[in-house]
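# Descriptive analysis of the structure
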Amino acid sequence: MGYSFAIQVIDIAHNLWFDGNRAFAMHLEMKPFQESGMEREILFQLYKKTLKTHIEAAFEWQEAEQRDRFDKHYPSAEISILFQQSEYVGYLAVRNKSNHKHIALLLIEPNFQRIGIGRKVMEAFHADAAQSAHVVTLSCFKSNLAALAFYESLGYKALSEETFFVDLQWAN
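Residues numbered from 1 in each chain as written. Predicted model: local features only at pLDDT ≥ 70, side-chain atom pairs only at ≥ 80, totals over all residues. Heavy atoms only, no water.

### Points about the packing of helix 2 (residues 40–58) against helix 3 (residues 63–73)
Where helix 2 meets helix 3, the axes come as close as 11 Å, and the angle between the chain directions of the two elements is 120 degrees. In this structure, helix 2 crosses over helix 3, and the sense of that crossing is right-handed. Residue-level inspection shows R40, E41, L43, F44, Q45, Y47, K48 and I55 of helix 2 in contact with helix 3, the latter providing E63, Q66, R67, R69, F70 and D71. Counted by class, the contact of helix 2 with helix 3 contains five nonpolar, two polar and seven charged residues. (Axes fitted to C-alpha atoms, helices over the stretch in contact; angles between N-to-C directions. Helix = DSSP H or I, 4+ residues; strand = E, 2+ residues; numbered from the N terminus. Left-handed = near helix turned anticlockwise from the far one by under 90°. Contact = heavy atoms within 4.5 Å. Nonpolar A, V, L, I, M, F, W, Y, C, P; charged D, E, K, R; others polar.)

Structure follows, in structure tokens:
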């Protein structure tokens, strides 16, 4: 089942987060998909918005095939919805394996990227994984250089590479 917890962010700068143009208090909340009231179509649209370029470069984007793949590979029970001040900002999909947790997707709406939301979600997720002594893995498109740099900044190390993907593991 998806994760559910509040991520309270206390920033040294008077509890404000700066994205270059604006300052705001950050309060993130994560709810299992089933409890969020969201429609799967909204999730697919963010998947398309954030990954279509990388999927097209690797395999071609066929809308019907991608919808089918999304529905089969990312079941609702694995998805947690992210909210910032009650506004939908993205989602996290996690597969719980017997000996590790695999982050299948971390997708943030473009207008909420690069302001620290993904980092705060991952830090909270890592804290939870460390408490339960779980190894954390993920795969990333090799062409997604921003995501690779983000994961490396969090302490992920490459385990293996394929033609289009890099498999990473969190080195806690």
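### Some details on the nonpolar core
Membership of the largest hydrophobic core comes to 28 residues, with the highest contact counts inside it found for I117, Y151 and Y156. Put simply, the parts of the chain that give this core at least two residues each are strand 4 (27–32), strand 6 (87–96), strand 7 (100–108), helix 4 (117–131), strand 8 (135–141), helix 5 (145–153) and strand 10 (165–170). Per-element tally for this core: the top contributor is helix 4, with five residues. Those residues in contact with Y151 that sit more than four places away from it in its chain are L106, M122, L138, C140, Y156 and L168. In terms of nonpolar packing, the next biggest core, distinct from the first, is built from 22 residues, F44, L51, W61 and L105 among them. (Core = buried A, V, L, I, M, F, W, Y, C linked by side-chain atoms within 4.5 Å. Buried < 20%, exposed > 50% of the residue type's maximum accessible area, 1.4 Å probe, protein only.)

### A word on the environment of A133
Inspection of the secondary structure assignment puts A133 in the loop between helix 4 and strand 8. Sequence separation between A133 and H100 is 33 residues, and the spatial gap between their C-alpha atoms is 8.6 Å.

### Here's the deal with helix 5
Note that an α-helix has 3.6 residues per turn; residues three or four places apart therefore point the same way. Within the span of helix 5, buried status applies to A147, L148 and Y151. Projected onto a plane normal to the axis of helix 5, the buried residues spread over an arc of 100 degrees and lie on a single side. Buried residues belonging to helix 5 abut strand 7, helix 4, strand 8, strand 9 (156–161) and strand 10. Remark: G155 follows helix 5 within two positions and exhibits a positive phi of approximately 100 degrees. (Arc of directions from axis to C-beta.)

### Observations regarding unusual backbone geometry
One non-glycine residue, E60, adopts positive backbone phi at about 95 degrees. Here E60 is to be found in the loop between helix 2 and helix 3. Given a relative accessible area of 51%, E60 falls into the exposed group. Positive phi, close to 50 degrees, is recorded for Q85, a residue that is not glycine. Note that Q85 resides in the loop between strand 5 (79–84) and strand 6.

### Regarding the packing of aromatic side chains
The relative placement of two aromatic rings is captured by the distance of their centres and the angle of their planes. Tallied over the full model, the rule gives twelve aromatic pairs. Above the plane of the ring of F83 lies K31, whose end atom (NZ or CZ) is 5.4 Å from the centre. (Phe/Tyr/Trp six-rings, centres within 6.5 Å; stacked < 30°, edge-to-face > 60°. Lys NZ or Arg CZ within 6 Å of the ring centre and 35° of its normal.)

### Quick look at the pairing of strand 9
Across five bridges, the pairing between strand 9 and strand 10 is antiparallel. Opposite Y156, over in strand 10, you have W170 as the bridge partner. Counting the residues in the hairpin turn of strand 9 and strand 10 gives three residues. (Pairing = 2+ DSSP bridges.)

### As for the confidence of the model for the protein
For the protein, the average pLDDT comes to 86, and 85% of its residues sit at 70 or higher. Across residues 4–19, confidence stays below pLDDT 50; counting only partners more than four residues off in sequence or on other chains, it has 40 contacts. (pLDDT = per-residue confidence, 0-100.)

### Quick look at the packing of helix 4 against helix 5
At a minimum axis separation of 11 Å, helix 4 and helix 5 run at an interaxial angle of 40 degrees. Between helix 4 and helix 5, the angle falls in the class oblique. At the point where helix 4 passes helix 5, the crossing takes the right-handed sense. Residue-level contacts link G118, R119 and M122 of helix 4 to F150, Y151 and S153 of helix 5. (Parallel < 35°, antiparallel > 145°, perpendicular 65-115°, else oblique.)

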